[in-house]
Amino acid sequence: MKIRCVQCGKVFELSQNEIDFYYSKGLDLPKRCKSCRDKNSGKYIVTYSEKHSINLFFFVIFSAIAVTVAYFDFASHTFTGALPIIVMSASALISFIFLCCFKTYKRYDVSFSNKYKFNFYDAENLINHFYKHKDDVACRDVESYLKKANNVILDKKSIHKTIANGDMVYYNKKTEDYVVLAKAGYIRSYYKASYNHYLKQ
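Here's a quick rundown of the structure.

Cut-offs and rules
Along each chain, residues carry numbers from 1 onward, in the same order as the chain's sequence is written. Only residues with pLDDT of at least 70 get local features here, since the model is predicted, and only at 80 or more are side-chain atom pairs given and counted; chain-wide, interface and lining totals rely on the full set of residues. Heavy atoms from the whole structure form the basis of all side-chain values; hydrogens and water molecules are not counted. Remark: nonpolar core denotes a set of buried residues (Ala, Val, Leu, Ile, Met, Phe, Trp, Tyr, Cys) joined through side-chain atoms within 4.5 Å. Exposed residues in this analysis have more than 50% of their type's maximum accessible area, buried residues have under 20%, and partly exposed residues fall in between, with area computed by a 1.4 Å probe over protein chains only. What counts as a helix is a DSSP run of H or I of at least four residues, what counts as a strand is a run of E of at least two, and both are numbered from the N terminus. Whether two residues touch is decided by their heavy atoms; if any such pair falls within 4.5 Å, the residues are in contact. When DSSP finds two or more bridges between a pair of strands, those strands are recorded as paired. Lines fitted to the C-alpha atoms define the axes, with helices restricted to the stretch that makes contact. Angles between their N-to-C directions range from 0 to 180 degrees. A pair is scored as a salt bridge if a Lys or Arg side-chain nitrogen falls within 4 Å of a carboxyl oxygen belonging to Asp or Glu.

### Considerations on the nonpolar core
Logical step 1: Judged by nonpolar contacts, the single largest core of 25 residues is most densely connected at Val110, Leu126, Val142, Tyr145, Val179 and Ile187.
Logical step 2: At the level of secondary structure, the elements contributing two or more residues to this core comprise helix H5 (123–133), helix H6 (142–154), strand E6 (168–172), strand E7 (177–181) and strand E8 (187–192).
Logical step 3: Looking at this core element by element, the count peaks at six residues for H6.
Logical step 4: Apart from residues no more than four positions distant in its own chain, Val179 is found in contact with Ala149, Val152, Ile153, Met168, Val169, Tyr170, Ile187, Ser189 and Tyr190.
Logical step 5: Counting nine residues, the second-largest nonpolar core is a separate cluster that includes Cys5, Leu14, Cys33 and Cys36.

Here it is as structure tokens:
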């Protein structure tokens, strides 16, 4: 049976076994395709927390200023007047702001991964590897990272071999792109590597 998805407008097909399953459970037939159902369920939504080390550095600096001023003002009585209180309070406030900004949280929708033949084990793995290697492989966004990894695997110019654990490794000598494809069929990682690295695997 062919059904038009009420969300994306694409026509999808249900097998007789799927139809029988829904009826046996007393359920209505789905009005949305599997891709839209997965997207709505939150399956492809990932929250990634990115650390900013520079913010932690400034937190330490301004905290040290606040503690130093407090020590000399209250313990040694080196400073007098309202100025030390203002400096100490401002430093403490600024350090707190930098601490709060130590991490930023981003939400990613990776439902686009359905367009590609090969995917990572799950959305979290894809995001983690993207952040780990994005500068190395010159990718600005998650989809381009996944797309380039697929291109390496599918490119006829890429050489490949099976390694000891059964995984496949693909390597492009010209671009030095290196992809590890698990025996189960999902991408383990994609990054740049030397030809010697490929040979040693």
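### Focus: the sheet that holds strand E5 (residues 159–162)
Logical step 1: Spatially, four strands are ordered E5-E6-E7-E8 in an open sheet, and the strand pairing comes out antiparallel. What marks the edges here is a single partner per strand, and that holds for E5 and E8. Between one strand and the next, the sheet's axes are offset by a mean angle of 15°, whatever the strand orientation.
Logical step 2: Sheet analysis places E5 next to E6, joined by four bridges and oriented antiparallel. Looking at the pairing, Ile159 lines up with Tyr171 of E6.
Logical step 3: Packing against the sheet, H6 makes contact with E6, E7 and E8, and its axis sits at approximately 90° to E8.

### Concerning the pattern of salt bridges
Logical step 1: Going through the model one piece at a time under the given rule, you end up with three salt bridges.
Logical step 2: The residue Glu143 makes a salt bridge to Lys115 at a minimum N-O spacing of 2.8 Å. One end of the pair, Glu143, is in helix H6; the other, Lys115, is in the loop between strand E4 (103–109) and H5, and 28 residues separate them in sequence.
Logical step 3: The closest approach of N and O atoms between Asp177 and Lys192, which form a salt bridge, is 3.1 Å. One end of the pair, Asp177, is in strand E7; the other, Lys192, is in strand E8, and 15 residues separate them in sequence.

### Some words on unusual backbone geometry
Logical step 1: Positive phi, close to 55°, is recorded for Ala138, a residue that is not glycine.
Logical step 2: Inspection of the secondary structure puts Ala138 in the loop between H5 and H6.
Logical step 3: You can call Ala138 exposed: its relative accessible area is 63%.
Logical step 4: A positive phi angle is found at Glu176, which is not glycine, with a value near 65°.
Logical step 5: Among the secondary structure elements, Glu176 is positioned in the loop between E6 and E7.

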